[in-house]
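Structural description and commentary
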Amino acid sequence: MPATIRTVLNTEENRTLLELSCADGIPYRTKQRATAIRLNAHGWTVAQIARYLDWHEHTVRATLRRWQVKGLGGLWESVGRGRPSRLSKLDWQAVKQWVGEPQRYSARQLTLNMYGR
């Protein structure tokens, strides 16, 4: 059985997490992580938080550990998640230029223009 994880928050941390969980413009998953940490600090177990947020218990534990190690920075997604773009900045500039032109281009024509195939 995994060890119990207990988070202790001071008044300022609790207020910051509460504001994050309600603020506009904050990613949904970040808000949920803030809620999970506050619930744990208020005595909820990992299993109770998992049921409430519809998460796996491993996810709750990982969130609580990230808070312990990284603090507030652990609430956000890591940089570099997802597949990197295949288009360079020059490619994006060319696409913006073509979109602004009165002529219409199909996706095939754009691809041929960009990659010269």
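An account of the accompanying structure is given in this report. (Residues numbered from 1 in each chain as written. Predicted model: local features only at pLDDT ≥ 70, side-chain atom pairs only at ≥ 80, totals over all residues. Heavy atoms only, no water.)

When helices and strands are counted, the protein chain shows six helices and zero strands. Against the globule reference of 13 Å for 117 residues, the protein chain gives a C-alpha radius of gyration of 22 Å, more extended than a compact globule. Taking the principal axes of its C-alpha atoms as reference, the protein chain extends roughly 60 × 30 × 25 Å. Out of the 117 residues in the protein chain, the part that is buried amounts to 28%. Contacts in the protein chain between residues far apart in sequence, at least 24 positions, make up 53% of those at least 6 positions apart. Of the roughly 8,900 Å² that the protein chain leaves accessible, carbon and sulfur atoms contribute 53%. (Helix = DSSP H or I, 4+ residues; strand = E, 2+ residues; numbered from the N terminus. Rg over C-alpha atoms; globule rule 2.2 N^0.38 Å. Buried < 20%, exposed > 50% of the residue type's maximum accessible area, 1.4 Å probe, protein only. Contact = heavy atoms within 4.5 Å. Areas by Shrake-Rupley, 256 points an atom, 1.4 Å probe, with all protein chains shown as cover.)

Turning to the packing of helix 1 (residues 11-22) against helix 2 (residues 28-41), a few remarks are in order. To describe two helices that pack against each other, one gives the angle between their axes and the distance between the axes. Between helix 1 and helix 2, the shortest axis-to-axis distance is 8 Å and the interhelical angle comes to 145°. Note that helix 1 runs across helix 2; the crossing there is left-handed. Across the interface between the two elements, Asn14, Leu17, Leu18, Leu20, Ser21 and Cys22 from helix 1 touch Lys31, Ala34, Thr35, Ile37 and Arg38 from helix 2. In terms of residue class, the contact of helix 1 with helix 2 is made up of six nonpolar, three polar and two charged. (Axes fitted to C-alpha atoms, helices over the stretch in contact; angles between N-to-C directions. Left-handed = near helix turned anticlockwise from the far one by under 90°. Nonpolar A, V, L, I, M, F, W, Y, C, P; charged D, E, K, R; others polar.)

Our next topic: the nonpolar core. The tendency in soluble globular proteins is for nonpolar side chains to be buried as a group. Counting 17 residues, the largest nonpolar core has Leu17, Ile37, Ile49, Val60, Leu64, Trp67 and Leu75 as its most contacted members. Listed by contribution, the elements that provide at least two residues to this core are helix 1, helix 2, helix 3 (46-53) and helix 4 (57-70). (Core = buried A, V, L, I, M, F, W, Y, C linked by side-chain atoms within 4.5 Å.)

A word on the pattern of salt bridges. A pair can form between side chains of opposite charge whenever their charged atoms are brought close. What the rule picks out here adds up to four salt bridges. Salt-bridge contacts for Glu19 lead to Arg15; the nearest nitrogen and oxygen are separated by 3.8 Å. Of this pair, Glu19 and Arg15 both sit in helix 1, four residues apart, which is roughly one turn of that helix. A residue is classified by how much of its surface remains accessible, and Arg15, at 46% relative accessible area, is partly exposed. A salt bridge links Arg33 to Glu77; the shortest N-O distance between them is 2.7 Å. Of this pair, Arg33 sits in helix 2 while Glu77 sits in the loop between helix 4 and helix 5 (89-100), and the two are 44 residues apart along the sequence. Classification of Arg33 by relative accessible area gives buried; the value is 6%. Via salt bridges that share partners, Arg29, Arg33 and Glu77 belong to a single interconnected network. (Salt bridge = Lys/Arg side-chain N within 4 Å of Asp/Glu carboxyl O.)

This brings us to the packing of helix 2 against helix 3. Their axes nearest at 10 Å, the elements helix 2 and helix 3 cross at an angle of 145°. Two packed elements cross with a definite hand, and for helix 2 against helix 3 that hand is right-handed. Every residue of helix 3 that contacts helix 2 at Gln32, Thr35, Ala36, Leu39 and Asn40 is listed here: Ile49, Tyr52 and Leu53. Partitioned by chemical class, the residues of the contact of helix 2 with helix 3 number five nonpolar, three polar and no charged.

So far we have only geometry, and geometry alone does not tell us how the molecule works.
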